[in-house]
Amino acid sequence: MSEIQQRVRKAVLPAAGLGTRFLPATKAQPKEMLPVVDKPLVQYVVEECVASGIEHIIIVTGRGKNAIEDHFDSSPELESFLERKGKPELAALVRSIGSMVQFSYTRQKEALGLGHAVLAAKDLVGDEPFAVLLGDVIIPGPRPATKQLIDVYESTGIGVIAVEGVPHERTGMYGIVDVEPAANTNWGSRLLQIRDLVEKPNPADAPSDLGVTGRYVLPPEIFDCLERTPPGRGGEIQLTDGLQLLKNERGLFAYVYEGKSYDAGDKLGFLKATVELGLENAEFGAEFRTYLQSLKL
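Presented here is an overview of the structure given in this document. Note that residues are indexed from 1 along each chain, following the sequence as it is written. Totals for whole chains, interfaces and linings use every residue, but because this is a predicted model, local features are given only for residues with pLDDT of at least 70 and side-chain atom pairs only at 80 or more, for both listing and counting. Think of the side-chain values as coming from all heavy atoms in the structure, minus any hydrogens and water.

**What to know about the nonpolar core**
Condition: Grouping buried Ala, Val, Leu, Ile, Met, Phe, Trp, Tyr and Cys residues that are joined through side-chain atoms within 4.5 Å yields what is termed a nonpolar core. Burial classes follow relative accessibility: with a 1.4 Å probe on protein chains only, a residue under 20% of its type's maximum area counts as buried, one over 50% as exposed, and anything between as partly exposed. Going along the chain from the N terminus, every DSSP run of H or I of four or more residues is numbered as a helix, and every run of E of two or more is numbered as a strand. In this analysis, two residues are considered to be in contact whenever any of their non-hydrogen atoms come within 4.5 Å of each other.
In terms of nonpolar packing, the biggest core is built from 36 residues, with Leu13 and Ile57 touching the most fellow members. Looking at this core, the elements that each hand over two or more residues are β1 (10–14), α2 (41–51), β4 (56–61), β6 (130–133), α8 (145–156), β8 (160–165) and β12 (253–256). In terms of residue count, the dominant contributor to this core is α8 (5 residues). Residues contacting Leu13, with those up to four places away along its chain left out, are Val42, Val45, Val46, Cys49, Ile57, Ile58, Ile59, Val60 and Leu133. In this structure, Leu119, Tyr216, Cys225 and Leu226 belong to the second largest nonpolar core, which totals 31 residues.

Now the structure itself:
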């Protein structure tokens, strides 16, 4: 693999799902545009991409998702209005959202699974490695989880997915990996060789307590694997099934990343993210903390 092919420049953000876990809030707006504190979910993910060195973001959308494209587009009318009202800082903030990275969009015309959504980006990604980030998973922190995976991929040329420890009784809510220590020891015990991936196993059947977190860095060969993947659970093309083929043919790593994730596509996870990120806000975090401490819980 050449140096150009080895470098991870692109990221795919699947955002075509129907957001059923968040109904009725998502009946008429994209789940990815729900605000956590003062930014929509998808902006946190885009900012993680930028902090990881990604140059080109491909967002896979569907019907009713135009607000995502509008959010990352330029807004000269709003910028001009803010300038006239003496709010240049807000005008600069609005302007920066659309200029932080190159965006492309493609549509998944039917909700046929995460694997199908990734496959929809094939022509825009081309023959190079790329990251996949789920748009409703927030992983804040000074060292982006995606950058951690990119470092592994660019060193080894092998696909890698982010995992974290999950409560054993909740393994049925995650993809779970069966792993063994990796031969490459540059990353210590954080880097693991995947033997198997199991989608949402019962706790009694779970091979480990390491759950897939929603960050992947994959070689372009994943597209061929997905094209050969028959519909699986729910009649959908599952990314997990495509990863099984990739694992068998080229190998696949799991990486226990540094950081904490929030599944903000889930109502409880969304509330946790809002509270914890609100507490870290430089503008009002201290006042918010005082308010929470005053509650009789």
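**Observations regarding the packing of aromatic side chains**
Just so we agree on the cut-off: Aromatic rings from Phe, Tyr and Trp, with only the six-membered ring used for Trp, were paired whenever their centres fell within 6.5 Å, and each pair was classed as stacked if the ring planes differed by under 30 degrees, edge-to-face if by over 60, and tilted otherwise. Working rule: Lys NZ or Arg CZ, within 6 Å of ring centre, within 35 degrees of ring normal, means a charge sits over the ring.
Counted under the stated rule, the structure contains 5 aromatic pairs. Measuring from centroid to centroid gives 6.4 Å for Phe288 and Tyr291, while their planes differ by 15 degrees, and the two rings are stacked. Pair noted here: Phe288 and Tyr291 are both in helix α12 (residues 285–294), with a separation of 3 residues, about one helical turn. Since its relative accessible area comes to 22%, Phe288 is described here as partly exposed. Overall, Tyr291 belongs to the partly exposed group, its relative accessible area being 47%. Among the aromatic side chains, those forming a connected cluster through ring pairs are Phe72, Phe103 and Tyr105. The residue whose ring lies beneath Lys39 is Tyr44, and the NZ or CZ to ring-centre distance is 4.5 Å.

**A look at the pairing of strand β10 (residues 191–199)**
Rules: Strand pairing is defined by DSSP finding a minimum of two bridges between the two strands.
Here 7 bridges tie strand β9 (residues 175–181) to β10, and the two strands are oriented antiparallel to one another. Following the sheet pairing, Asp178 is matched in β10 by Asp196.

**Brief notes about the pairing of β8**
The buried fraction of β8 is high, at 5 of 6 residues. Two strands pair when backbone bridges link them, and β8 and strand β11 (residues 210–218) are joined in this way by 5 bridges, in the antiparallel orientation. Each bridged residue has a counterpart across the sheet, and for Val160 the counterpart in β11 is Val217. Sheet analysis places β8 next to β12, joined by 4 bridges and oriented parallel. Looking at the pairing, Val160 lines up with Phe253 of β12.

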